[in-house]
Amino acid sequence: QVQLVESGGGLVQPGGSLRLSCAKSGSIFSISTMGWYRQAPGKERELVATITPGGRTNYADSLKGRFTVSRDNAKNTVYLQMSNLKPEDTAVYLCNLKGLNAGPVRQDYWGKGTLVTVSS
């Protein structure tokens, strides 16, 4: 069973930076992507960025240039570097893993999320 634990959220001023981490434990047959989604109060969950084991990335168009996703396969950790943060970036950021078990059956795992608040 895979578990995802996020860390690094907090309060940051507009224009500031923050780095989120997502540590994976447990095993899965294969990983398709790991990455980040976010959900602001009263809004639907939305894609932030994902990365494949080979390093191919995918970003929400509106966040390109400010957010960078990366991974350390040896540490089973995915990172989200956020810069030039804006109040509208305030949300719970959730780590996600999509992959296959030995079935193979698609699996979709979520962390509990970490809150990022951008405010002066």
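The structure we're discussing is the one just above.
Description of the structure in this document. What you see is a predicted model, and the numbers here were worked out from it, not measured in a lab.

Let's talk about the pattern of salt bridges
Part 1 of the argument: Counted under the stated rule, the structure contains five salt bridges.
Part 2 of the argument: Between Glu46 and Arg38 there is a salt bridge; the shortest N-O distance is 2.6 Å.
Part 3 of the argument: What makes Glu46 partly exposed here is its relative accessible area of 37%.
Part 4 of the argument: The buried category is assigned to Arg38, whose relative accessible area is 8%.
Part 5 of the argument: Among the salt bridges present, the one from Arg66 reaches Asp89, with a minimum N-O distance of 2.8 Å. Note that Arg66 is positioned in the loop between β6 (57-59) and β7 (67-72) and Asp89 in the loop between β8 (77-82) and β9 (91-100), a separation of 23 residues in sequence. For the residue pair Arg66 and Asp89, the accessibility class agrees, reading buried in each case.
Part 6 of the argument: Each member of the salt-bridge network shares a partner with another, and the members are Arg38, Glu46, Arg66 and Asp89.

Focus: the pairing of strand β10 (residues 106-110)
Part 1 of the argument: Pairing of β9 with β10 involves five bridges; the strand directions are antiparallel. Opposite Leu100, over in β10, you have Arg106 as the bridge partner.
Part 2 of the argument: What sits between β9 and β10 in their antiparallel hairpin is a turn of five residues.

Quick word on the environment of Pro104
Part 1 of the argument: On the secondary structure map, Pro104 appears in the loop between β9 and β10.
Part 2 of the argument: Pro104 sits in the exposed class, given a relative accessible area of 59%.
Part 3 of the argument: Residues Pro104 and Ser30, spaced 74 residues apart in sequence, show a C-alpha to C-alpha distance of 9.3 Å.

What about the nonpolar core?
Part 1 of the argument: Grouped together as the largest cluster of nonpolar side chains are 29 residues, with contacts concentrated most on Trp36, Leu80, Met82 and Tyr93.
Part 2 of the argument: When contributions to this core are tallied by element, the ones reaching two or more residues are β3 (18-25), β4 (30-39), β5 (46-51), β7, β8, β9 and β11 (114-118).
Part 3 of the argument: Per-element tally for this core: the top contributor is β9, with four residues.

Cut-offs used in this document
Residues numbered from 1 in each chain as written. Predicted model: local features only at pLDDT ≥ 70, side-chain atom pairs only at ≥ 80, totals over all residues. Heavy atoms only, no water. Salt bridge = Lys/Arg side-chain N within 4 Å of Asp/Glu carboxyl O. Buried < 20%, exposed > 50% of the residue type's maximum accessible area, 1.4 Å probe, protein only. Helix = DSSP H or I, 4+ residues; strand = E, 2+ residues; numbered from the N terminus. Pairing = 2+ DSSP bridges. Core = buried A, V, L, I, M, F, W, Y, C linked by side-chain atoms within 4.5 Å.

Honestly, it's all geometry; don't read function into it.
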